[in-house]
Each structure stands twice: as structure tokens, then as C-alpha cells.
Amino acid sequence: MKPLTEQEIRAAFVNCTKGEAKRLPVPRDLADRPWEDLDYLGWNDPQSPGRAYLVTEAGGRVSALALRRPTAGTGQARRSMCRICMTGHDGGVSLMVAPKAGKAGQQGNSVGVYMCDDLSCSLYVRGMKESGPGARLHETLTLEEKVGRTVENLAAFLAKVTA
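Because the structure is predicted, anything quoted here is derived from the model rather than measured.

Caption draft 1: Here's a closer look at the pairing of strand 3 (residues 61–68). By the bridge criterion, eight bridges tie strand 2 (residues 51–58) to strand 3 in an arrangement that is antiparallel. Along strand 3, the bridge assignment pairs Leu54 with Leu65.

So this is what it looks like as C-alpha cells:
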């Protein structure tokens, strides 16, 4: 992913108002992010545990999503799999819900996907971050194919939000 500025990120949100995009917290360490290893930039809102955000490049344009997530775990943590990067976690996957873009979102429609809590799919796929023993199932895919699958899964979720 190419490095992005705060202004580019704020302008890319497709499922919130310009005012909301202007007020949401953008990471201050953008210059320190491992952009060459990211398929998308994702972060959790430090002031509101129920909010998260992600920015991706799809079809030659940058798009950003505002997400809602559960704020407190209920019950026991169980092994779950992220549907974006296919990494297993013990309690480290949440249903990330995005309001749909446009009129559908204004009417309250949303879509969701089970995703890594820390939004670090790119780093899990590349082996730069571990989620514990047995987190990654043995696959015969190359790293490039795994990265491609992650990008495709994210693009499919983005397409549902913008449809």
C-alpha cells in the first residue's frame, strides 16, 4: 500500500459524513507504519472501544470504512477465524460491522465480517505477527497467493458496503 496522509484518509471515507470523517481519530504515527507490508491500514479508536476504521486501495482508488465492533467480550473466548486473512485466534476475532454507503446506510443498513480484533491481517499473513500456536493452518499457497486472497476478501467486503 502506498503511504497516505491524514487528509487523504479523511477524504476516503465512504460510509460516514464529511463531518464525522473530520472528527474521527487518525493515527499519529502514519510515517512509521510498515506501508510496504500493508494491504490496508486499520486501527481501533483509542477513545471509543466500539469503533474501528480501515483504509484500503481498490480499483485504483483509496476507500475508507468506519466500523462498529463489540465493546465487551461475552462468555468464554473460543477459537475463531478471521474471514479476511484466514488466521485463527483464541478470542481475537470480532464481528466488524460497517454501515452501508449512501442512502442504504442512512436507512440503517449494514454489513459485517469476522475480522482480526487488532486489524493486523497483513502482518499475520506475512508472518510478521503471530496469534499463537495453530493460528495459521498449513497451506500450499505461496505468500503472494495468500496476500492476493486477503486483498480479494477485503475487496469483497468493501463491495458489499458500497453496493
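Caption draft 2: Here's a closer look at the pairing of strand 2. Bridging between strand 1 (residues 40–44) and strand 2 involves five bridges; their strand directions are antiparallel. For Asn44, the partnering residue across the bridge sits in strand 2 and is Ala52. Linkage of strand 1 to strand 2, two consecutive antiparallel strands, is achieved through a turn of six residues. The antiparallel hairpin formed by strand 2 and strand 3 contains two residues in its connecting segment, where Gly59 sits at a positive phi of about 60°.

Caption draft 3: Broad picture of the nonpolar core. Judged by nonpolar contacts, the single largest core of 25 residues is most densely connected at Leu65, Leu67, Cys82, Met115, Cys121 and Phe157. Sorting the residues of this core by element identifies strand 2, strand 3, strand 6 (93–99), strand 7 (110–116), helix 4 (121–125) and helix 5 (143–162) as the ones contributing at least two each. When residues of this core are assigned to their parent elements, the largest contribution, five residues, is made by helix 5. Residues in contact with Phe157, not counting those within four places in the same chain, are Leu65, Leu67, Met96, Ala98, Val111, Gly112 and Val113. Core analysis: the second largest hydrophobic core is formed by 19 residues, Ile9, Ala21, Trp43 and Ala66 among them.

Caption draft 4: Spatial organisation of helix 5. Between its first and last C-alpha, helix 5 extends 29 Å over 20 residues, near the 28 Å set by a 1.5 Å rise per residue. Inspection of helix 5 places Lys146, Val147, Arg149, Thr150, Leu154, Phe157, Leu158 and Val161 among the buried residues, and these make up the whole buried set. Looking at the buried residues of helix 5, the elements they touch are strand 1, strand 2, strand 3, strand 6, strand 7 and helix 4.

Caption draft 5: The environment of Thr56, seen in detail. Residue placement: Thr56 occurs in strand 2. With a relative accessible area of 6%, Thr56 lands in the buried category. Sequence separation between Thr56 and Ile9 is 47 residues, and the spatial gap between their C-alpha atoms is 9.5 Å. If near-sequence neighbours (up to four positions away) are discounted, Thr56 is found in contact with Met1, Asp39, Tyr40, Arg61, Val62, Ser63, Leu154 and Leu158.

Criteria and thresholds
Residues numbered from 1 in each chain as written. Predicted model: local features only at pLDDT ≥ 70, side-chain atom pairs only at ≥ 80, totals over all residues. Heavy atoms only, no water. Pairing = 2+ DSSP bridges. Helix = DSSP H or I, 4+ residues; strand = E, 2+ residues; numbered from the N terminus. Core = buried A, V, L, I, M, F, W, Y, C linked by side-chain atoms within 4.5 Å. Buried < 20%, exposed > 50% of the residue type's maximum accessible area, 1.4 Å probe, protein only. Contact = heavy atoms within 4.5 Å. Expected span 1.5 Å × (residues − 1).

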